[in-house]
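Summary of the model geometry
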Amino acid sequence: MHEFALADAVMKAACRAARDAGMSRITSVTVRVGELQQIETALFEFSLSEVLPAGDPLLEGARFVVEAEPVRFHCRVCDLGFGRGDLEGEGTDDALEAMHFIPELCHAFLRCPRCGSPDFAVVAGRGVTISAVEGEDSPDAGPT
Amino acid sequence: MPGPLDAVDPRAAVVEDRLAGVGRIVAVTGSKGGIGKSVVSASLALAWADAGRRVGLLDLDFTSPCSHVILGADEGFPGEGFGVDPKDTAGVSLMSVAFFAPEVAVPLRGDEVAGAFLELLAVTRWGELDLLVLDLPPGLGDIALDVVRLVPRVEFLLLSTSSRVVLGSVERALRLLTGLRVPVLGLAENLQQGNDQGVSRLGASFGVPFLGALPYDAGLEDALGDPGRLRATAFFAAVRRLAGRLSG
Ligand SMILES: Nc1ncnc2c1ncn2[C@@H]1O[C@H](COP(=O)(O)OP(=O)(O)OP(=O)(O)O)[C@@H](O)[C@H]1O
Ligand SMILES: [Mg+2]
Ligand SMILES: [Zn+2]
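Below is a short write-up of the structure. (Residues numbered from 1 in each chain as written. Chains lettered and ligands numbered in written order. Predicted model: local features only at pLDDT ≥ 70, side-chain atom pairs only at ≥ 80, totals over all residues. Heavy atoms only, no water.)

1. Concerning the coordination of the zinc ion (ligand 3)
Residue and element names in this part refer to chain A. Protein coordination at the zinc ion (ligand 3) comes from Cys-75 (SG), Cys-78 (SG), Cys-112 (SG) and Cys-115 (SG), with a distance range of 2.3 to 2.4 Å. For the zinc ion (ligand 3), the 4 donor atoms are set out with angles of 104 to 115° between them, so the coordination reads as tetrahedral. Counting the intervening residues between successive donors of the zinc ion (ligand 3) yields the motif C-x2-C-x33-C-x2-C. Remark: Cys-112 occurs in the loop between helix 4 (106-109) and strand 5 (120-124) and Cys-78 occurs in the loop between strand 3 (72-75) and strand 4 (81-83); sequence separation between them is 34 residues. (Donors = N, O, S within 2.8 Å, 3.2 Å for Na, K, Ca; no water. Tetrahedral: all angles 85-135°; square planar, octahedral: opposite > 155°, others 65-115°. Helix = DSSP H or I, 4+ residues; strand = E, 2+ residues; numbered from the N terminus.)

Put into structure tokens, the structure is as follows:
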């Protein structure tokens with residue numbers, strides 16, 4: 001359920017980025033959702049498109065594109081690259097829940113499938129990032 | 001220029017929002033390990049709560065959290081609503097990674113510490129608080145620097161002991177913080193046994209207020225985990241005076 005707080009963060013960051021770039025209207029926001037955090041997509045999309053845009057006029061008519069990003073790990077000890085599917089089992093419910101709140105806790109629960117080390121990097125698919133904000137310039141936004 | 005802006009981390013945009021209802025934010029540090037930062041942080045929060053203030057406590061020692069042990073918090077995940085709710089523990093709103101990962105080691109590198117910290121700041125819903133206490137891990141590493149960088153209005157409370165080993169480290173911390181123009185509320189001495197003036201002299205040499213001494217209390221260990229017994233210790237009586245001095 002804390003998907004709402006994450007959606008709220010996306011919304012505010014998109015508006016801030018758009019204002020900094022002199023946009024008068026946001027037409028679309030592309031959000032990448034990493035597999036590691038296991039966001040409940042329906043709830044997240046609902047918050048993004050139905051609930052939150054009312055808070056900022058910049059978002060009127062904006063479209064949200066949510067893209068899933070598979071998680072990729074890289075072991076710093078044995079150099080193995082691996083994904084979720086390479087891990088043994090799904091992890092306990094508590095472990096999944098913990099990583100849902102704080103993805104970095106993967107280091108407490110997951111291990112490199114080759115050497116067993118927790119010292120791996122999450123190279124992709126950690127959590128929520130904004131990959132693009134598109135919009136229209138303010139008419140009064142200076143000459144260019 | 002119209003066109004796609006790329007790769008924005010959404011979390012940083014809401015940190016101020018999430019802390020908007022919080023009055024003062026006090027970070028407890030001392031750079032040296034094991035000098036009582038955690039017992040002082042938790043006891044300060046408890047003393048303020050006892051005095052009727054709305055208080056939060058954020059345990060930022062991700063690899064060895066212990067605020068939940070000191071205050072005797074319930075186990076299990078915190079509640080979720082709009083975000084994640086801190087757990088009410090003896091009147092203190094407590095947030096700790098220990099709620100998510102009890103009994104397992106959390107080996108994190110620097111950028112991962114920063115990532116976990118930012119995530120916690122972005123999702124924790126503190127609500128209205130008069131004071132938020134941050135219990136920092138030892139050292140002036142990733143967390144301390146991120147507190148300075150990310151947490152608006154933060155003020156530092158430095159802890160020291162009279163040992164020369166600790167004083168030297170605290171002196172370096174003072175030099176760094178004052179050089180960065182970070183507000184330093186003052187310096188308190190912990191584990192006091194003799195009547196050494198080393199800590200107050202160190203404060204004076206930086207123009208930083210000396211806020212008093214907390215005695216070494218052999219009865220503290222047995223009181224940990226039980227707020228009722230903690231309140232009855234000589235250590236807590238001294239923390240209560242410190243709390244009064246800081247908020248008065
Ligand atoms: N005034 C005191 N009297 C007696 N024992 C104390 C006192 N202050 C701290 N201690 C004890 O010293 C130990 C270390 O305290 P604490 O964990 O609070 O230190 P810390 O600075 O937070 O350590 P770390 O650097 O690992 O975070 C604990 O067992 C605590 O109970
Ligand atoms: Mg500590
Ligand atoms: Zn490996």
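2. Points about the side chain of Thr89(B)
Relative to the elements of secondary structure, Thr89(B) occurs in strand 4 (residues 87-89). When sequence neighbours within four positions are dropped, the list of residues in contact with Thr89(B) reads Leu71(B), Gly72(B), Ala73(B) and Leu94(B). (Contact = heavy atoms within 4.5 Å.)

3. Remarks on the interface of chain A and chain B
Contacts between the two partners involve 42 residues from chain A, matched on the other side by 39 residues from chain B. For the chain A and chain B pair, buried surface summed over both sides reaches about 3300 Å², with 64% attributable to carbon and sulfur atoms. It is Phe101(A), Ile102(A) and Glu104(A) in chain A that bury the most area against chain B; as a group they hold 17% of the surface buried on that side. Summed over the shared surface of chain A and chain B, the number is 5 salt bridges. (Buried area = accessible area lost by both parts, 1.4 Å probe. Salt bridge = Lys/Arg side-chain N within 4 Å of Asp/Glu carboxyl O.)

Coordinates in, geometry out; function isn't part of it.
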